[in-house]
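Per-entry structural report
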Amino acid sequence: GTVMRYGKTFTSLMIAQTRGVQNALVITGKPEVCDSWKNELEQHVNFVDWNFVDLRDGTLSSISIDFTKKNLFFVSFQYLLSKAEGVDKTWISNLPIDILLTDEEHHASKTKKSRSILNNFGGIPRISMSGTPMESRRSGRYEEANSFYWSYREAALNNPDFPKLNIYGMNVARDVALEAASGGFVDENAFHINKMFAAEDNKFQYESDVRRWLEKVFDLRSMSRTRRTDSPEGIPGLQSQNFNHILMRVPYSVDAAVALVELLTELLPDRKIILASGSANGAVKDIAEVNRLIAQNNKTITVTCGRFETGVTVPEWGAVYLCDGGRSPEAYWQLIFRASTPYTIKAWIKKGFYVFDFDPHRSLEMVYAAAATSRQSGQNMGTAITQWLDVAPILQHDGSQFVEIDAENV
């Protein structure tokens, strides 16, 4: 388990190289990581004598593969499990594989079906990789002696150029709901961020509340006494370039994503709004297209409710806005670290990346989970949390200003 964006791909390939592997197989539940493996293999001088073979190409068979070269085979659990008419896949488990690499192990590799696929390859050596090994580490499936961990804390302490994570807890949504006192948000306990963003048929149920929220968050109201602190871009001391390309997550609903894209397009004409969710009309399906749109536009917001949240690299993303109420630590850390990739252009060196959590309590839960995962045996929880907060400070908005949270608060 390592911090997201650490270089698991490169490290695994170097292990295969060092072991004298002839044929390696990458298998994953996240097919979109294919590009990372292909690029690493084809663009790095260390791997010039390797071939990349995507086994999802239905025209392939064992006869068409050049076994005189070293091969890195790639396949997804989804492809192996799908019952495509007339496509024989049995030959794949008979390939002479020397090492099995399970990528994004936290995702889809624990189901009964995927385990049976892994078992088809018998007792060959395996490397399992994950940027968020919370559950796997707790499960005891992996012995400590065979596990290598490199957390965000180590990355930040060992590399002064690594962009620093800053988390801001923002209560804007609840404030809007209380102002409106509508839609069943009358008493504070009734408020939940997923409820505010509820949508069906590509429309928000509480559209006027969402609109009011967006006006605050993007500082679109001309006369507002509190405008400075409601809008992330109004927080003193932050790099303004970080806000040029924003990644925004809505609750897991394509309807909410479509509705948000529509509102943002109307309210922010100077930005290109990218829909990265589901099969909706105009949704962007692959990360190359996102990168292309970002290269063509000075300012973008990419709206997702599940896509591009793991295993993809977009260096220009500098800020993440979380408008969902998701409680999975894996999904949380995977998503926010999409913005951690270092980036340098003439006008901007990305020194930090900013996360704005509009469900403020959730960020505390997530830091607790991360600290629990990285805690050394025998270390008390308070110390583990303090160490995390050293490299990933959380600032909570208390209505007028931001207050830094300590381990006791968490």
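Up top is the structure these notes are about.
All of the points below concern the structure found in this document. Treat the numbers as computed from the prediction; the structure is a model and nothing was measured.

Let us now look at the packing of aromatic side chains. In the structure shown here, the tally under the stated rule is 18 aromatic pairs. Between tyrosine 168 and phenylalanine 356, the ring centres sit 5.3 Å apart and the planes meet at 20°, which makes this aromatic pair stacked. Here the residue tyrosine 168 occupies a position in strand E6 (residues 164-169), and phenylalanine 356 occupies one in strand E15 (residues 352-357), the gap between them amounting to 188 residues. The class of tyrosine 168 is buried, set by a relative accessible area of 6%. Where tryptophan 333 meets tryptophan 388, the ring centres are 5.2 Å apart and the plane angle is 40°; that geometry is what we call tilted. Here tryptophan 333, found in helix H13 (residues 329-336), pairs with tryptophan 388, found in helix H15 (residues 381-391); they are 55 residues apart in sequence, far enough to count as distant. For the residue pair tryptophan 333 and tryptophan 388, the accessibility class agrees, reading buried in each case. Joined through ring pairs, the aromatic side chains of Tyr168, Phe197, Phe204, Trp213, Phe218, Phe243, Tyr321, Tyr354, Phe356, Phe358 and Phe402 make up one cluster.

Those residues of H15 that sit buried are Met381, Ala384, Ile385, Trp388, Leu389 and Val391. Angularly, the buried residues of H15 cover 165° about the axis, an arc narrow enough to put them on a single face. Buried positions along H15 lie against helix H6 (152-158), E6, H13, helix H14 (360-374) and strand E16 (394-397). Sitting at the amino-terminal end of H15 is asparagine 380, which places a side-chain oxygen 2.8 Å from the backbone nitrogen of glycine 382.

Following the sequence through the fold, glutamine 239 ends up in the loop between helix H10 (227-230) and strand E9 (245-249). A polar atom in the side chain of glutamine 239 sits 3.0 Å from the backbone oxygen of isoleucine 349. At 3.1 Å, the side chain of glutamine 239 and the backbone nitrogen of lysine 351 are in polar contact. In contact with glutamine 239, other than residues within four places in its own chain, are Trp348, Ile349, Lys350, Lys351, Gly352 and Tyr354.

Let us now look at the environment of tryptophan 50. By secondary structure assignment, the location of tryptophan 50 is in strand E2 (residues 50-54). For the pair formed by tryptophan 50 and asparagine 23, sequence separation is 27 residues and the distance between their alpha carbons is 9.2 Å. Within the structure, tryptophan 50 has its side chain in polar contact with the side chain of glutamine 17 (distance 2.9 Å).

Moving on, we get to the pairing of E15. Of all 6 residues that make up E15, 6 are buried, and the element is covered over most of its length. Burial along E15 is two-sided: the face carrying Gly352, Tyr354 and Phe356 and the face carrying Phe353, Val355 and Asp357 are both buried. Relative to E15, strand E12 (residues 319-322) runs parallel, the two sharing 4 bridges. Paired with alanine 319 across the strands is tyrosine 354, a residue of E15.

Reading the values: the criteria
Starting from 1, residues in each chain are numbered consecutively following that chain's sequence as written. Note on the predicted model: pLDDT of at least 70 is required for a residue's local features to be given, and 80 or more for side-chain atom pairs to be given and counted; whole-chain, interface and lining totals, by contrast, use all residues. Note: side-chain values were computed over all heavy atoms of the structure, leaving out hydrogens and water. Pairing of aromatic side chains here covers Phe, Tyr and the six-membered ring of Trp, requires ring centres within 6.5 Å, and sorts the geometry by plane angle: under 30 degrees stacked, over 60 edge-to-face, intermediate tilted. Secondary structure elements are taken from DSSP: a helix is a run of H or I of four residues or more, a strand is a run of E of two residues or more, and numbering for both begins at the N terminus. Only protein chains enter the accessibility calculation, which uses a 1.4 Å probe; a residue is then buried when its area is under 20% of its type maximum, exposed when over 50%, and partly exposed in between. The arc in question is traced by the directions running from the helix axis to the C-beta atoms. Note on contacts: a residue pair qualifies if any of its non-hydrogen atoms lie within 4.5 Å across the two residues. Two N or O atoms count as a polar contact when they lie within 3.5 Å, although within protein this holds only if one can serve as hydrogen donor and the other as acceptor, and sequence-adjacent residues are included solely when both atoms are side-chain atoms. Two strands are said to pair when DSSP picks up at least two bridges between them.

Structural measurements only, silent on function.
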